[in-house]
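# Coordinates in review
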Amino acid sequence: MTDAAAQPKRTGRVLRAVGRCCALAIATLLVLPVLPAPWTAVVPAAASPYVAVCSVIAARALGWVALLALPVLVLAFLRPRWFCRHACPVGLLLEVVGWLRPSARRHTPRLPAIGQWLALLTLGAALVGYPLFLWLDPLALFTGFVGAAREPFGVAWLVGAGLPVVLLLGLLVPNLWCARLCPLGATQDLLAALKRLVWRRDAAPSATRRALARRSVLAMGMGAVCGAGLVRRARAAAIRPPGAVDEARFTGLCIRCGNCMRACPSEILHPDVGDHGVASFLTPVARFDHKHCVADCTACTHVCPSGAIRPVAPEQKATVFMGIARVDAELCVLSQDMDCAACVQACPYGAVEPKFDEDTYVSSIAIDASTCTGCGACEVACYTTPKKAIVVTPR
Amino acid sequence: MSRHVSRRDMLNLLGASGVIAGLGVSRAARADDPVAAPRTATGKVVSSSMHSPASVVDGKVVQPQRTLRVAAETDVLVVGGGPAGVAAALAARRTGAKVLLVERYGHLGGLWTGGLVLIVIGMHAKGPDGKLIQVTRGIGEEMMQRLGKVHRGIVNHRLGASPTVDAEALKYVMVEMVAEAGVDVLLHSWCVDAIVDGKTAKGAIFESKSGRQAILAKVVIDASGDGDIYAAAGAEFEHHRFRTGLVHRIGNLDKVDRAKAKGAKPPRGLGGLTPIQGVNWVNMQGPEADGLDVRDLSRLEMNHRRAIWRSVERVRQSPGYERAYLLETAPQLGVRITRLLTGVSRLTYKDSQAGTKFPDAIGVGGPWGRDKVGAWQIPYGCLVPRSVDGVLAAGRCISGELRMADLLRIIPPCFVTGHAAGVAAAVSAKDGCPPRAVEVPKVQRILKEQGAYLA
């Protein structure tokens with residue numbers, strides 16, 4: 001090889017390295033609250049066509065957030081895996097981790113394309129509304145990790161634990177994630193295969209085509225069956241952020257990136273640590289210990305990359321229901337004839353009213369189900385301890 | 001028993017029954033002499049020949065125009081002798097003003113005594129450092145300190161708790177304090193109208209056994225609870241229906257047979273403890289009613305008395321509670337909210353939750369729950385009517401949105417707004433400027449000197 005030929009090759013390598021570092025820096029900046037617009041945190045995870053395609057199908061809704069995946073999607077058709085080699089922040093981190101063990105085997109592990117199975121399973125499950133492994137998207141794991149750095153204490157770090165696990169995997173078995181597991185990488189492979197199938201029919205031997213078709217049908221069928229089973233089993237058991245899709249599909253659509261929890265100025269959203277079943281693990285649930293969901297705030301609804309939480313306009317907020325308040329008359333001090341109207345005063349929607357029965361002379365709190373959004377203002381205001389007499393429950 | 005019936009009395013009787021309606025007997029325009037004659041000799045047969053009653057003119061009952069006797073001229077007239085009114089009268093007097101306090105019942109204390117609302121809620125709040133502090137200080141706290149010195153005057157008077165007082169001890173303490181301060185007091189006198197000069201209140205008219213008389217004042221403090229005087233003077237206000245109940249006390253609860261009562265759930269309607277052992281006070285929410293409608297008030301009084309009797313009977317039927325009995329019902333119906341002033345400022349619930357700071361803050365209110373953060377300031381503008389001068393509001397009828405009024409109506413904010421209104425009125429009278437133009441920093445300084453807590 002001559003120097004003249006090596007020079008452009010080296011320049012290309014340097015340019016590629018600089019580009020990947022820039023991509024990592026930009027993705028980090030977008031997730032961290034450095035920029036004035038908090039919604040930028042949505043961009044990295046939303047750029048994944050895996051997340052976009054599956055969530056659009058599962059949520060049956062197309063928003064502007066899904067369009068953010070268009071560049072990578074188009075790129076995947078033109079140059080397969082270009083994104084992985086030139087822009088993926090997780091890919092860069094895995095490569096850096098790989099340098100720590102130069103002795104490890106550099107070639108691709110001999111394993112089936114699990115990533116493609118994951119992607120196809122998820123796609124099949126998305127058809128029935130429950131994209132099984134959407135949360136395995138590397139950009140979602142990345143968002144969860146970087147975002148967790150903003151509040152490194154408490155259970156919030158659990159949301160950021162996915163990326164370290166992937167990096168540890170990279171240290172043990174280099175190349176395993178990118179080549180065999182990553183559903184985003186596999187999505188690009190599948191798109192490339194689709195392109196060959198449609199535009200260059202002769203390029204792929206018919207045996208490969210048949211294998212791919214068989215795999216697709218089998219994986220998507222399995223995904224659909226599993227997804228349908230999970231959708232049917234899901235029950236409304238948790239208080240979700242405002243604008244969340246129905247509980248049956250929420251745990252599937254949520255990619256556990258933690259954006260909504262970090263966007264909440266009242267800090268009422270917390271990762272579920274198993275209170276509402278395995279499917280709900282690490283999804284956001286609302287707790288009204290000290291603050292409630294403020295009437296004019298829609299912050300969390302504009303940072304969801306997968307459409308698990310749909311955007312809510314401020315003027316719609318009063319009609320977006322998170323749950324409904326319920327009163328325990330045994331605990332309510334108003335029902336014991338004491339002068340208390342804390343929940344009545346606190347309700348921003350006028351949904352909580354004291355009622356007096358002129359026959360029994362007993363007072364009680366009545367909740368107007370048509371206006372109670374489950375914002376938790378009453379629960380926060382309630383004076384009874386240790387248990388609140390009024391609490392928000394799922395509708 | 002002999003009774004002298006004058007011709008005028010006879011006419012009056014007939015007139016009232018409408019017999020002479022439309023006969024053209026018109027005395028509506030005739031001026032009359034003041035009613036309250038100088039002291040009459042006992043036992044002498046008299047005729048109030050100088051009195052001119054209402055008459056029926058063209059089917060309408062007409063009151064004659066008449067000149068009223070001016071019973072008193074004062075610097076500050078305080079209408080209403082509840083927690084706000086008494087605090088206002090004491091504050092104004094201590095700030096150097098000549099003060100007249102007018103109360104419709106025969107005792108002071110308002111709903112705190114006559115209404116048997118014995119508990120004082122919301123005196124404390126957690127500060128920014130998480131430490132509990134007392135936010136209701138000044139004259140209100142002084143009253144409770146004095147109650148602490150009399151026999152069975154107060155219980156639970158400690159940081160973080162809600163003190164409960166004895167109504168009789170409180171009536172006594174208030175009389176002592178008002179007398180010591182040198183406040184002139186008129187009891188059994190119901191202020192029924194304002195005296196105005198254009199858009200400025202100049203005093204008030206009151207009715208009593210001595211008849212209808214006038215009081216002229218430099219500043220009037222409306223601590224009537226219902227905003228009777230500012231409304232009569234032409235100030236703007238909101239009128240609300242609100243929960244209206246009646247409190248009662250149960251006795252002999254120390255004689256409950258514990259052995260018999262064991263295991264069973266205590267009956268409803270036992271209420272909360274009072275300084276007297278074995279006696280509880282029992283609150284009542286009551287239905288929404290118009291506290292300015294005498295029909296509503298009468299209906300509730302009657303219904304509530306029946307309900308209270310039934311409630312105590314139920315208590316007595318519970319095993320072990322046979323000796324409990326209804327000690328008394330409150331002489332005064334528990335009207336919570338009626339008129340709310342449209343003031344220069346209007347306190348909102350949002351303000352109270354956000355802890356909004358006001359440059360003209362004259363006092364602080366606290367949350368009801370013990371573990372709650374959130375003291376809230378009350379601006380002076382909430383006491384000042386937007387559209388009339390010469391009158392300040394104090395107590396539950398000051399300017400605030402309805403849900404805030406539910407917090408403002410309780411006793412500690414009434415102390416605080418009363419105290420501030422008293423000082424401001426005295427400053428206004430002394431400086432010769434209308435209440436809305438008083439030097440607020442001066443008022444704040446005097447309030448602090450008198451022990452009030454502003455922030």
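All figures in this text were calculated on a predicted structure; none of them were measured in a lab. (Residues numbered from 1 in each chain as written. Chains lettered and ligands numbered in written order. Predicted model: local features only at pLDDT ≥ 70, side-chain atom pairs only at ≥ 80, totals over all residues. Heavy atoms only, no water.)

The next thing to look at is the overall build of chain B. A count of helical and extended segments in chain B gives 11 helices and 24 strands. Going through the 455 residues of chain B one by one, you find that 56% of them count as buried. Carbon and sulfur atoms form 53% of the exposed surface of chain B, whose accessible area is close to 20300 Å². (Helix = DSSP H or I, 4+ residues; strand = E, 2+ residues; numbered from the N terminus. Buried < 20%, exposed > 50% of the residue type's maximum accessible area, 1.4 Å probe, protein only. Areas by Shrake-Rupley, 256 points an atom, 1.4 Å probe, with all protein chains shown as cover.)

Regarding its fold elements, chain A presents 17 helices and 6 strands. Taking all 395 residues of chain A together, the buried fraction comes to 47%. Considering only intrachain contacts with a sequence separation of at least 6, the fraction spanning at least 24 residues in chain A is 73%. With the model as given, the accessible surface of chain A reaches about 19000 Å², and the carbon-plus-sulfur share is 66%. Positive and negative side-chain charges of chain A, numbering 39 and 24 respectively, have mean locations separated by a distance of 25 Å. (Contact = heavy atoms within 4.5 Å. Lys, Arg positive; Asp, Glu negative; His and termini not counted. Charge placed at Lys NZ, Arg CZ, Asp CG, Glu CD.)

What follows covers unusual backbone geometry. Here the amide bond leading from T385(A) into P386(A) is cis, since omega sits at -5 degrees, within 30 degrees of zero. Inspection of the secondary structure assignment puts P386(A) in the loop between α17 (377-381) and β6 (390-393). Phi is positive for L116(B), close to 55 degrees, though the residue is something other than glycine. By secondary structure assignment, the location of L116(B) is in the loop between β4 (99-102) and β5 (124-126). A positive phi angle is found at N252(B), which is not glycine, with a value near 70 degrees. Inspection of the secondary structure puts N252(B) in the loop between β15 (248-251) and α6 (258-261).

On to the sheet that holds strand β19 (residues 325-329) of chain B. Pairing in this open sheet of 4 strands is antiparallel, and the strands run β16-β17-β15-β19 (chain B) from one edge to the other. The open sheet has two edge strands with one neighbour each: β16 (272-273) and β19 of chain B. (Pairing = 2+ DSSP bridges.)

The next thing to look at is the pattern of salt bridges. Under the definition given, this model contains 31 salt bridges over all chains. Note that D337(A) and R268(B) form a salt bridge whose closest N and O atoms lie 3.5 Å from each other. Here D337(A), found in the loop between β3 (324-327) and α16 (342-346), pairs with R268(B), found in the loop between α6 and β16, and the two come from separate chains. On the basis of relative accessible area, R268(B) is assigned to the partly exposed category, the value being 38%. Of the charged contacts in the structure, one is a salt bridge between K260(B) and E322(B), with a shortest N-O distance of 3.0 Å. (Salt bridge = Lys/Arg side-chain N within 4 Å of Asp/Glu carboxyl O.)

Note on helix geometry: an α-helix contains 3.6 residues per turn, so any two residues three or four positions apart are oriented the same way. Residue and element names in this part refer to chain B. Its 12 residues place the ends of helix α2 (residues 83-94) 16 Å apart at the C-alpha level, agreeing with the 16 Å of an ideal helix rising 1.5 Å per residue. Extensive coverage of α2 is indicated by the burial of 10 of its 12 residues. Where α2 is concerned, the buried positions are P83, A84, G85, V86, A87, A88, A89, L90, A91 and A92. In this structure, the buried side of α2 is in contact with β3 (69-79), β4, α3 (139-149), α4 (167-181), β12 (211-222) and α10 (411-431). Two residues or fewer past α2, G96 is found with a positive phi of approximately 105 degrees. (Expected span 1.5 Å × (residues − 1).)

Below, the discussion takes up the side chain of S266(A). All names here are of chain A. For S266, the position within the fold is in the loop between α15 (259-263) and β1 (269-271). S266 gets classed as buried once you look at its relative accessible area, which sits at 12%. Looking at S266, its side chain comes within polar contact range of the main-chain oxygen of H292, at 3.2 Å. With residues up to four places along the chain from it excluded, the contact list for S266 reads K291, H292 and V294. (Polar contact = N/O pair within 3.5 Å; in protein donor to acceptor, adjacent residues only side chain to side chain.)

Right, let's get into the sheet that holds strand β14 (residues 242-245) of chain B. Residue and element names in this part refer to chain B. Ordered by their spatial adjacency, 3 strands build an open sheet running β18-β14-β20, and the pairing between neighbours is antiparallel. Each end of this open sheet is capped by a strand with a single partner; those strands are β18 (288-289) and β20 (334-335). Inspection of the sheet shows β14 paired to β18 by 2 bridges, in the antiparallel sense. Bridge pairing in β18 links F242 to A289. Against the sheet, helix α7 (residues 294-317) engages β14, β18 and β20, with an angle of about 45 degrees to β14. (Axes fitted to C-alpha atoms, helices over the stretch in contact; angles between N-to-C directions.)

For the rest of this paragraph, the subject is the interface of chain B and chain A. With 24 residues of chain B at the contact, the number on the chain A side is 26 residues. A buried area of about 2000 Å², summed over both sides, lies between chain B and chain A, and 44% of it is on carbon and sulfur atoms. Between chain B and chain A we count 5 salt bridges in total. The salt bridge involving K265(B) is made with E330(A); its shortest N-O contact spans 3.7 Å. Between chain B and chain A we count 12 residue pairs in polar contact (both at pLDDT 80 or more) in total. Only α7 and α9 (402-408) of chain B provide two or more residues apiece to the side of chain B that touches chain A. Considering every element that reaches the side of chain B that touches chain A, the biggest residue donor is α7(B), with 5 residues. The residue makeup of the side of chain B that touches chain A, split by class, is 7 nonpolar, 6 polar and 11 charged. (Buried area = accessible area lost by both parts, 1.4 Å probe. Nonpolar A, V, L, I, M, F, W, Y, C, P; charged D, E, K, R; others polar.)

Ranked by internal contacts, the top residues of the largest apolar core, which has 207 residues, are W177(A), L77(B), V78(B), W112(B), M143(B), I378(B) and Y380(B). Here the element with the most residues in this core is α10(B); it accounts for 11 residues. In contact with Y380(B), other than residues within four places in its own chain, are D360(B), I362(B), L392(B), A424(B), P435(B), V438(B) and V440(B). (Core = buried A, V, L, I, M, F, W, Y, C linked by side-chain atoms within 4.5 Å.)

Let us now look at helix α11 (residues 440-449) of chain B. Residue and element names in this part refer to chain B. Buried residues of α11: V440, V443, Q444, I446 and L447, and no others. All buried residues of α11 fall inside an arc of 165 degrees around its axis, so they share one side. Turned more than 90 degrees away from the buried face of α11 sit P441, K448 and E449, all of them exposed. Trailing α11 by a residue or two, G451 shows a phi angle of about 90 degrees, which is positive. (Arc of directions from axis to C-beta.)

This brings us to the packing of aromatic side chains. Summed over the entire model, instances satisfying the criterion amount to 3 aromatic pairs over all chains. Taking the centre distance of 5.0 Å and the plane angle of 80 degrees together, the rings of F356(A) and Y361(A) count as edge-to-face. Just as F356(A) is buried, Y361(A) falls in that class too. Each ring, one from W112(B) and one from F415(B), has its centre 5.2 Å from the other, and the planes form 65 degrees; the classification is edge-to-face. (Phe/Tyr/Trp six-rings, centres within 6.5 Å; stacked < 30°, edge-to-face > 60°.)

Moving on, we come to the confidence of the model for chain A. Parts of the model with low pLDDT should not have their predicted coordinates read in detail. The predicted model of chain A has a mean per-residue pLDDT of 86, with 94% of residues at 70 or higher. The element-level mean pLDDT for chain A is lowest in helix α13 (residues 206-233) of chain A, coming to 82, with β3(A) highest at 96. (pLDDT = per-residue confidence, 0-100.)

The axes of two packed helices give the description: the angle between them and the distance between them. All names here are of chain A. Following both chains from N to C, one finds helix α7 (residues 89-99) and helix α10 (residues 162-172) inclined at 40 degrees, their axes separated by 9 Å at the closest point. By the angle class used here, α7 and α10 are oblique. The handedness of the crossing between α7 and α10 comes out as right-handed. Touching V90, L93, L94 and V97 of α7 are L163, V166, L167, G170 and L171, all from α10. (Parallel < 35°, antiparallel > 145°, perpendicular 65-115°, else oblique. Left-handed = near helix turned anticlockwise from the far one by under 90°.)

Residue and element names in this part refer to chain B. Taking every second residue as pointing to the same face, both faces of β4 are buried, with V99 and L101 on one and L100 and V102 on the other. By the bridge criterion, 4 bridges tie β3 to β4 in an arrangement that is parallel. Directly across from V79, in β4, lies its bridge partner V102. In this structure, β4 lies alongside strand β9 (residues 184-186), joined through 3 bridges in parallel fashion. Looking across to β9, one finds that V102 is bridged to L186.

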